[in-house]
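Analysis of the macromolecular model
Take a look at the letters that make up each chain.
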Amino acid sequence: MSRAAPTPSRSAFAGFLSLLGELLITVGLVLGLFVAYSLWWTNVLADRDASVRGDAVRRQWDRTAPSPEAAAKPGELDTQGGIGFLHVPAMKNGEVLVKRGTDSEVLNDGVAGYYTEPVKSALPWDPAGNFALAAHRDGHGAKFHNIDKLENGDAVVFETRDTWYVYKVFAELNQTSKYNVNAISPVPGGSGRTAPGRYITLTTCTPVYTSKYRYIVWGELVRTEKVDAQRSLPAELR
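Summary of the structure given here.

This brings us to the overall build of the protein chain. Along its length, the protein chain carries three helices and eight strands. Helices and strands in the protein chain line up, N terminus first, as α-α-β-β-α-β-β-β-β-β-β. The buried share of the protein chain, reckoned over its 238 residues, is 39%. Restricting to contacts in the protein chain with at least 6 residues of sequence separation, those with at least 24 account for 63%. Total accessible area computed for the protein chain in this model is approximately 13,400 Å², and 56% of it derives from carbon and sulfur atoms.

Laid out in structure tokens, this is it:
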């Protein structure tokens with residue numbers, strides 16, 4: 001006795017479920033590829049671009065030895081490609097090129113940027129102020145991905161053509177509004193400091209893979225060290 005053929009309605013429903021399953025698999029693959037692109041491939045591209053830009057800055061430093069006039073005006077150390085390199089051993093992120101600005105066009109190149117708005121950042125060689133920086137925590141180089149590893153007393157070192165600026169972490173704020181501009185003020189609000197000084201502030205998005213809040217780390221300049229002819233690393237980076 002032959003088996004009865006499936007009714008048209010059951011056959012159509014089975015076809016619909018099969019099509020839906022294929023669509024879900026396809027969507028899953030597309031989403032997986034997008035995540036891989038966002039969290040891995042953008043890091044590859046950004047790190048490659050940042051390395052090229054960093055090498056260009058160092059070549060420029062080699063070609064243009066500091067003059068007495070430049071030494072008297074350290075702000076002249078600024079270059080079109082970047083003003084120097086950030087070194088944070090606790091973050092294990094290598095050297096990070098620092099450029100002007102904090103919009104995505106700058107930060108997506110795998111660098112850190114110093115604020116020009118809504119509060120204008122001081123620069124390390126200024127006699128007082130807050131050298132306020134931002135970088136991505138995921139994707140596009142993720143230079144501040146491990147910002148939560150920083151602890152009080154950790155070194156944050158900024159390198160220019162002729163000077164090492166050595167800061168020590170003294171406070172952090174693991175979550176605050178992205179509109180909290182006081183955190184990057186000349187005397188950083190919320191840091192516990194109330195008097196002018198020479199500060200550094202690192203900012204990035206938090207939680208990881210979101211941009212809802214900001215994670216803040218503050219440091220204070222403890223010393224400077226002139227760069228020697230061999231460009232020897234300061235003790236904090238050895």
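For Ala 56, the position within the fold is in helix H1 (residues 8-63). Along the chain, Ala 56 and Gly 81 lie 25 residues apart, while their C-alpha atoms are 7.5 Å from each other.

As a further point, take the sheet that holds strand E1 (residues 84-87). Strand order in the closed barrel made by the eight strands is E1-E2-E3-E4-E7-E8-E6-E5, with mixed pairing throughout. For this sheet, the mean angle separating the axes of adjacent strands, direction not counted, is 30 degrees. Bridge count for strand E5 (residues 155-159) against strand E6 (residues 163-177) is five bridges, and the pairing is antiparallel. Note that in E6 the partner of Val 157 across the bridge is Val 166.

This part covers unusual backbone geometry. Cis peptide bonds are those with omega within 30 degrees of zero, and the linkage from Glu 117 to Pro 118 qualifies with -5 degrees. If you trace the backbone, Pro 118 turns up in the loop between strand E3 (112-114) and strand E4 (129-134). Thr 206 connects to Pro 207 through a cis peptide bond whose omega is -10 degrees. Tracing the sequence through the fold places Pro 207 in the loop between strand E7 (198-206) and strand E8 (213-226). Residue Lys 92 is not a glycine yet carries a positive backbone phi of 50 degrees. You can see Lys 92 is positioned in the loop between E1 and strand E2 (95-100). Take Lys 92: its relative accessible area is 75%, and that puts it in the exposed class. Here Arg 231, not a glycine, exhibits a phi torsion of approximately 55 degrees, which is positive. Inspection of the secondary structure puts Arg 231 in the segment after E8.

Rules of the game
Residues numbered from 1 in each chain as written. Predicted model: local features only at pLDDT ≥ 70, side-chain atom pairs only at ≥ 80, totals over all residues. Heavy atoms only, no water. Helix = DSSP H or I, 4+ residues; strand = E, 2+ residues; numbered from the N terminus. Buried < 20%, exposed > 50% of the residue type's maximum accessible area, 1.4 Å probe, protein only. Contact = heavy atoms within 4.5 Å. Areas by Shrake-Rupley, 256 points an atom, 1.4 Å probe, with all protein chains shown as cover. Pairing = 2+ DSSP bridges. Axes fitted to C-alpha atoms, helices over the stretch in contact; angles between N-to-C directions.

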